[in-house]
Amino acid sequence: MSEQAAVARQAIKVATPGRSVIRHVLPVATLVVIDLASSVLAFVLAYKLRQHTDIFEWRHRKSFFPVGIYDAFEPYLSFLAFVPLVKVYILRRYGLYKLRGEFSFSNDLFKVINASTLAFLVLVLFAFLFRQGFAIREGHLISIDFSYSRLVFVYDWLISMGMFLTTRFAVRLIQTAYRSNERNLIPTIVVGCGEMAQVCLAEISERPRLGYRLVGAVTARVNEDAAEVRSRGVRVLGSFDDLPELVKRHGVEEVLITDARIHPRKMFEVLMECGRDHHIKYRVIPNLFDCLPGKTEIATLGSLPMIKLYEEPLRGSQRALKRGMDMLVSVGLLVVSWPFWLALAILIKMESKGPILLKQERVGMDGKVFLMIKFRSMMDGTDDRAHRDLMRRTINGEDANQGTSDEPLYGKVKDDPRLTKIGGWMRRYSVDELPQIINVLRGQMSIVGPRPPLPYEVRHYKDWHRARFHVRPGITGLWQVSGRNRLHFEEMVRLDVFYIENWSPWLDVKIMLKTLPVMLRGDNTY
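Cut-offs and rules
- Residues numbered from 1 in each chain as written.
- Predicted model: local features only at pLDDT ≥ 70, side-chain atom pairs only at ≥ 80, totals over all residues.
- Heavy atoms only, no water.
- Buried < 20%, exposed > 50% of the residue type's maximum accessible area, 1.4 Å probe, protein only.
- Helix = DSSP H or I, 4+ residues; strand = E, 2+ residues; numbered from the N terminus.
- Pairing = 2+ DSSP bridges.
- Right-handed = clockwise from strand over helix to strand, strands pointing away.
- Contact = heavy atoms within 4.5 Å.
- Axes fitted to C-alpha atoms, helices over the stretch in contact; angles between N-to-C directions.
- Nonpolar A, V, L, I, M, F, W, Y, C, P; charged D, E, K, R; others polar.
- Patch = residues over 30% accessible without salt bridge, like charges linked within 9 Å, V, L, I, M, F, W, Y side chains within 5 Å.
- Areas by Shrake-Rupley, 256 points an atom, 1.4 Å probe, with all protein chains shown as cover.
- Salt bridge = Lys/Arg side-chain N within 4 Å of Asp/Glu carboxyl O.
- Phe/Tyr/Trp six-rings, centres within 6.5 Å; stacked < 30°, edge-to-face > 60°.
- Arc of directions from axis to C-beta.
- Expected span 1.5 Å × (residues − 1).
- Core = buried A, V, L, I, M, F, W, Y, C linked by side-chain atoms within 4.5 Å.

S.K.: Kindly report on the pairing of strand S5 (residues 186–191), identifying the contributing residues and their values.
M.R.: For S5, the tally of buried residues reaches 6 of 6 residues, placing the bulk of the element in the interior. With 6 bridges joining them, S5 and strand S6 (residues 212–219) adopt parallel strand pairing. When the bridges of S6 are listed, Thr188 appears paired with Leu214. Viewed along the sheet, the connection from S5 through helix H7 (residues 195–206) into S6 turns out right-handed. With 4 bridges connecting them, S5 and strand S8 (residues 254–257) associate as parallel partners. Opposite Thr188, over in S8, you have Glu254 as the bridge partner.

Okay, here's the thing in C-alpha cells:
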C-alpha cells in the first residue's frame, strides 16, 4: 500500500510541473540577486578603499532627492551600471548557477577564481579603452573625459572574488544539508545490470553529494541477469523498452546508460519516445578504455582524414611545468609535515624492531626500477608470498576480491597479519606514503600519477597495461580518488591510461585537492 501511495504522490508531482519549476528556479534567482548586490557592494567598497572619500551627500530638505552623489563618484556610478551585469553573465558562463547534480568545493573555487579574473579583465579593458564617464550637469547627462583608478578595479576583483566564494560555500553547505534529507536530488534511472551498472549504483548510493535519487534500474538486454542489482536493494523496474512509461510514471529527469551494447536504432527510438513529453538528460557511462582520449589532433594522410592520438601528452614545456609543480608541492609538504615524520618514526621504533623507513623496488617511468621510500608498516623480515599470489590472480582476472560483493577489496591482503598496529593505522590513512616526497625530489616519482607496481606484478602485465609506464609514477592519482581498492585491477589501469591521455595542470590540482579528504576519511581499506 505504501508503494502505491508513493507512486500516486509522484504522479501528482509530474502532473503539476509548475510547482517543480518554481522550486528549481527560485534558488537560482535568489543567488543571482545576491551576486548582483555583492557586485555593487564590492565596487563601492573598492572605491572607498582607494579614494578615501565620501560617496553620498545630504542635500537640502526641500530637494526631491535628499541624498545626492559627490561629483568625484559620478563617473564610477555610470560605470557601475555595467559591473554587476558583466560579473553575473561570466559567472553563468562558468556554470556557477547550476544547483542540481554533482558539485565540488574545489571546482567551485577554480570556477570563481577564473570567472572573477575574466570579469576583472573585461571591465579593465572597457574602462581604459573608452576612458570616459558620464555625469549629470544642470539636469543633462553629459560625457566627460575621465581616467579611472587602476587600484579600484584590483580591489574590486579581490573583494568580489571573496564574496562570490563565501556565497558559493554557504550555498553548498545548504545543499549538503538538503541532500542529507533527500531533497535537491535528481530522479534517475540506470539502464543495465552489468559491472559498470553496479559501480554506478554504488557511487549514487554512497555519495548523496552527487545529487541523484535512484528510482531504480532497467535491464538493457533480454534475459539479462539482474540478481546482483537486486541484492543491492535496487528495484528492477522493467526492461529498456519500458523506459518511456517509467520516465513518465516516476518523474525521471536523468537516465544513466551503462550498457553500450544496446543497438543504436533501438536506443534512438526509445530515447525519442522518452523525450516527447519530458525534457530528459541522458548520460552514457562507457568503458574508459574504449573512449577516444581528449588529447587528439585532426590530420590528413593525402586526402584521407585521420584522427591522431597522442601517446603521451607530457612533452616539452608540459613536462617541465609538471616537474615544477612537483618540486613546489614537495618542498611545501616537507616543510609542513616534518614534525609528523618525527612522531611516526618514534612510534614505529617503539612498537617493533627494524628500520623506520623501508626501501622497496618499484617499476617507474619507461620500466626503470627504483627504490621507493615509505614508512615501515609491517614486521621486519616478513614473507610476501601471500601478496604475490593475490596480485597474480588479480592481474590475470581471477576472482581475487578480498571483501564482499557490496564492499569489494582488490589488491590488498584482508586482515594482513604482517601489519603492526601503527602500520595498520598508517595504511588506513595513507601516511606511510609520506617519505615518497624524497622520491619526487629525486625525480623518480611525481606528486600525481599512476602508482608504481612491484617487479613481480609487472611480470603478469598484458601489453596494454604497460601504458602506465609512459609517465612518472605518483604518490596519488586518479585511481586513489576514484574508488581505490574498490576497483579491480583492469579498471585501475584504465583510469591511469585516461589520466595519461588527458593530463592537464588543472587535473593534477583537482586530484591533489581531492586526495586530502580521501586520506582523512580513511578510505584505504587494508
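Following the structure, the description resumes.
S.K.: Kindly report on the side chain of Ser38, identifying the contributing residues and their values.
M.R.: With respect to the helices and strands, Ser38 occurs in helix H2 (residues 17–51). Not counting chain neighbours up to four residues away, the residues in contact with Ser38 comprise Met163 and Phe164.

S.K.: Help me get a handle on the sheet that holds S5, residues and values and all.
M.R.: If you trace the 5 strands from one edge of the open sheet to the other, you get S7-S6-S5-S8-S9, paired in parallel fashion. What marks the edges here is a single partner per strand, and that holds for strand S7 (236–239) and strand S9 (281–284). Strand after strand, the sheet turns through a mean of 25° between neighbouring axes, direction not considered. Its contacts with the sheet place H7 against S5, S6 and S8, and it is angled at close to 160° to S5. Sitting on the sheet, helix H9 (residues 243–250) is in contact with S5, S6, S7 and S8, with an inclination near 160° to S5.

S.K.: Residues and numbers for the packing of helix H11 (residues 317–351) against helix H13 (residues 421–429), please.
M.R.: Interhelical geometry of H11 versus H13 gives an angle of 145° and a closest axis separation of 9 Å. Counted together, Phe340, Leu344, Leu347, Ile348 and Glu351 of H11 and Lys421, Ile422, Trp425 and Met426 of H13 form the full contact between these two elements. Its residues assigned to classes, the contact of H11 with H13 shows 7 nonpolar, no polar and 2 charged.

S.K.: Mind laying out a nonpolar patch on the surface, listing which residues take part and the relevant values?
M.R.: Taken together, the side chains of Met327, Val331, Leu334, Val335, Val336 and Leu441 present a nonpolar region at the surface, about 480 Å² in accessible area. Take the nonpolar patch: its biggest share by element is 5 residues, from H11. Leu334 sits in the partly exposed class, given a relative accessible area of 32%.

S.K.: Give a detailed account of the packing of aromatic side chains, specifying residues and quantitative values.
M.R.: If you walk through the whole model with that rule in mind, you get 10 aromatic pairs. Measuring from ring centre to ring centre gives 5.3 Å for Phe120 and Trp157, while their planes differ by 25°; the resulting arrangement is stacked. Here the residue Phe120 occupies a position in helix H5 (residues 105–130), and Trp157 occupies one in helix H6 (residues 150–180), the gap between them amounting to 37 residues. In this structure Trp157 comes out as partly exposed when scored by relative accessible area, which is 24%. Centroid distance Tyr461 to Phe469: 6.0 Å. Interplanar angle 10°. Geometry classified as stacked. Residue classification places Tyr461 among the buried positions, given a relative accessible area of 7%. For Phe469, a relative accessible area of 9% corresponds to the buried category.

S.K.: Kindly report on the environment of Arg521, identifying the contributing residues and their values.
M.R.: Tracing the chain through its elements places Arg521 in helix H17 (residues 505–521). The spacing of Arg521 and Arg428 is 93 residues in sequence and 9.0 Å in space, taken between C-alpha atoms.

S.K.: Tell me about unusual backbone geometry, residues and numbers included.
M.R.: Although it is not a glycine, Ser430 sits at a positive phi angle of roughly 60°. Along the chain, Ser430 falls in the loop between H13 and helix H14 (436–442). Assessed through its relative accessible area of 10%, Ser430 is described here as buried.

S.K.: Kindly report on H9, identifying the contributing residues and their values.
M.R.: Those residues of H9 that fall on the buried side of the exposure criterion are Leu243, Pro244, Leu246, Val247 and His250. Buried residues of H9, seen end-on, are gathered within an arc of 165° and therefore sit on one face of the element. Looking at the residues trailing H9, positive phi occurs at Gly251, about 65°.

S.K.: Would you mind going over the pattern of salt bridges in detail, with residue names and values included?
M.R.: Once their charged atoms are close, side chains differing in charge can pair, the charge on each being opposite to the other. According to the stated counting rule, one finds 18 salt bridges in the structure shown. Between Arg388 and Asp384 there is a salt bridge, and its shortest N-O distance comes to 3.2 Å. Classification of Arg388 as partly exposed rests on a relative accessible area of 38%. Residues Arg468 and Asp496 are paired through a salt bridge, measuring 2.7 Å at the closest nitrogen-oxygen approach. One end of the pair, Arg468, is in the loop between helix H15 (455–458) and strand S15 (474–476); the other, Asp496, is in helix H16 (residues 489–501), and 28 residues separate them in sequence. Asp496 matches Arg468 in its accessibility class, with the two residues each being buried. Within the structure, one salt-bridge network assembled from shared partners comprises Lys462, Glu490, Glu491 and Arg494.

S.K.: How would you explain H17 if you had to name every residue and give the values?
M.R.: Here H17 spans 25 Å end to end across 17 residues, near enough to the 24 Å set by a 1.5 Å rise per residue. Buried residues belonging to H17 abut H11, strand S14 (446–448), S15 and H16.

S.K.: Which residues make up the nonpolar core, and what values go with them?
M.R.: Counting 39 residues, the largest nonpolar core has Phe375, Met426, Tyr499 and Ile511 as the members making the most contacts within it. Going through the elements one at a time, H11, strand S13 (369–375), helix H12 (385–395), H13, H14, S14, H16 and H17 are the ones with two or more residues in this core. If one sorts the elements of this core by residue count, H16 sits on top with 7 residues. Excluding residues that lie within four positions of it along the chain, Ile511 makes contacts with Val448, Thr476, Gly477, Leu478, Val481 and Tyr499. Counting residues in each nonpolar core, the second largest holds 18 residues, with Val191, Val215, Val218 and Val247 among its members.

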